[in-house]
Amino acid sequence: MRLIILGPPGSGKGTQASILARKYGLLYLATGDIFREEIKQKTDLGRQVESYMARGELVPDELVVEVVRRKLESSSNSSIGFIFDGFPRTERQAKELDKLLSKINLKLSAVLLIDVPDDEVVKRLSGRRICARCGAVYHVEYNPPKIEGTCDICGGELIQREDDKPEVIRRRLQVYHEQTDPVISYYEKNNLLYRVDGLGEVEEVHRKIETLLKQFCNE
Ligand code: ADP
Ligand code: AMP
């Protein structure tokens, strides 16, 4: 199964993609996570992307595509299956991905669009907390940790992402509608797009995705 999970920031892409990756043994590739790790490790790439992310702007296409190309080439399970989260975010990235995949004779199985209205996304992003050590994702109200401020999995400290502050959230949503809406149309034209209602509990959304995959994705 070779999947892309699309949707506005905070729609639950990471939450759903992690469940699918674990369940089906897929390579899970989240460009946002990769960039955050590069920033943490203070690499050259990290320095190049930091200011774009802090402002809620997109990282330039060339940098993003290069990161994805390297990951695809170095991953042994990419031919078995993968799930991309947060990539592609521009039509140009989508076209570059097509080229990368055709070089290794692979095709996408489906693109899942998690539909969540902007006001719900704002609630989800403002309450999101992530573990500074292992990256696990929580929500202060919808998915709280057992002990406030502490990760259930590794005991690390829970922090708020810099770009989950109100001014940056607004900009990220604007950028999504300007630059990523065309990606939705692109996959619609290619008959790969499946819409999932992203409202409801995590388990419920997961069940809706499973139903779609069973119906439309036979790889
Ligand atoms: P994305 O990867 O699309 O930015 P996340 O998966 O990080 O989104 O989810 C954003 C926030 O919303 C997180 O705090 C997460 O715990 C919470 N969340 C995810 N799915 C749901 C859901 N179905 N209902 C309520 N909250 C959710
Ligand atoms: P995310 O973790 O997916 O919410 O991404 C966080 C930030 O990383 C975004 O706001 C962008 O600045 C940057 N980013 C992640 N993926 C991409 C991408 N495919 N194209 C451009 N920028 C990206």
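Asker: Requested: an account of the overall build of the protein chain, with residues and values cited.
Answerer: A count of helical and extended segments in the protein chain gives eight helices and eight strands. For a compact globule of 219 residues, the expected C-alpha radius of gyration is about 17 Å, and the protein chain comes in at 17 Å, within 12% of that figure. Across its three principal axes, the protein chain shows a C-alpha extent of roughly 45 × 40 × 35 Å. Counting all 219 residues of the protein chain, 48% fall into the buried class. Long-range contacts, defined as pairs at least 24 residues apart, comprise 68% of the intrachain contacts of the protein chain with a sequence gap of at least 6. Taken as a whole, the protein chain presents about 11,500 Å² of accessible surface, with 50% of it coming from carbon and sulfur. Between the mean site of the 34 positive side-chain charges and the mean site of the 35 negative ones, the protein chain shows a separation of 3 Å.

Asker: Give a detailed account of the environment of Gly135, specifying residues and quantitative values.
Answerer: Looking at where Gly135 falls in the secondary structure, it is placed in the loop between strand S5 (128-131) and strand S6 (137-139). Look at Gly135 and you get partly exposed, because its relative accessible area is 39%.

Asker: Give me the site of ligand 2: which residues, what numbers.
Answerer: The full set close to ligand 2 counts 16 residues, and Thr31, Arg36, Glu57, Gly86 and Gln93 are the nearest of them. At 2.9 Å from a nitrogen atom of ligand 2 is found a main-chain nitrogen or oxygen belonging to Gly86. Counting residues per element, the shell around ligand 2 draws most heavily on helix H2 (residues 31-40), which supplies four residues. The class makeup of the residues in the shell around ligand 2 is six nonpolar, four polar and six charged.

Asker: Residues and numbers for the pairing of strand S1 (residues 2-6), please.
Answerer: In the case of a regular strand, side chains alternate between the two sheet surfaces. Taken across its five residues, S1 has five buried, putting it largely inside the fold. Judged by which residues are buried, S1 turns out to be covered on both faces: Arg2, Ile4 and Leu6 on one side and Leu3 and Ile5 on the other are all buried. Sheet analysis places S1 next to strand S3 (residues 82-85), joined by four bridges and oriented parallel. Note that in S3 the partner of Ile4 across the bridge is Phe84. Pairing between S1 and strand S4 (residues 110-115): four bridges, direction parallel. If you follow Leu3 over to S4, its bridge partner there is Ala110.

Calculation rules
- Residues numbered from 1 in each chain as written.
- Chains lettered and ligands numbered in written order.
- Predicted model: local features only at pLDDT ≥ 70, side-chain atom pairs only at ≥ 80, totals over all residues.
- Heavy atoms only, no water.
- Helix = DSSP H or I, 4+ residues; strand = E, 2+ residues; numbered from the N terminus.
- Rg over C-alpha atoms; globule rule 2.2 N^0.38 Å.
- Buried < 20%, exposed > 50% of the residue type's maximum accessible area, 1.4 Å probe, protein only.
- Contact = heavy atoms within 4.5 Å.
- Areas by Shrake-Rupley, 256 points an atom, 1.4 Å probe, with all protein chains shown as cover.
- Lys, Arg positive; Asp, Glu negative; His and termini not counted.
- Charge placed at Lys NZ, Arg CZ, Asp CG, Glu CD.
- Near = heavy atom within 4 Å.
- Polar contact = N/O pair within 3.5 Å; in protein donor to acceptor, adjacent residues only side chain to side chain.
- Nonpolar A, V, L, I, M, F, W, Y, C, P; charged D, E, K, R; others polar.
- Pairing = 2+ DSSP bridges.

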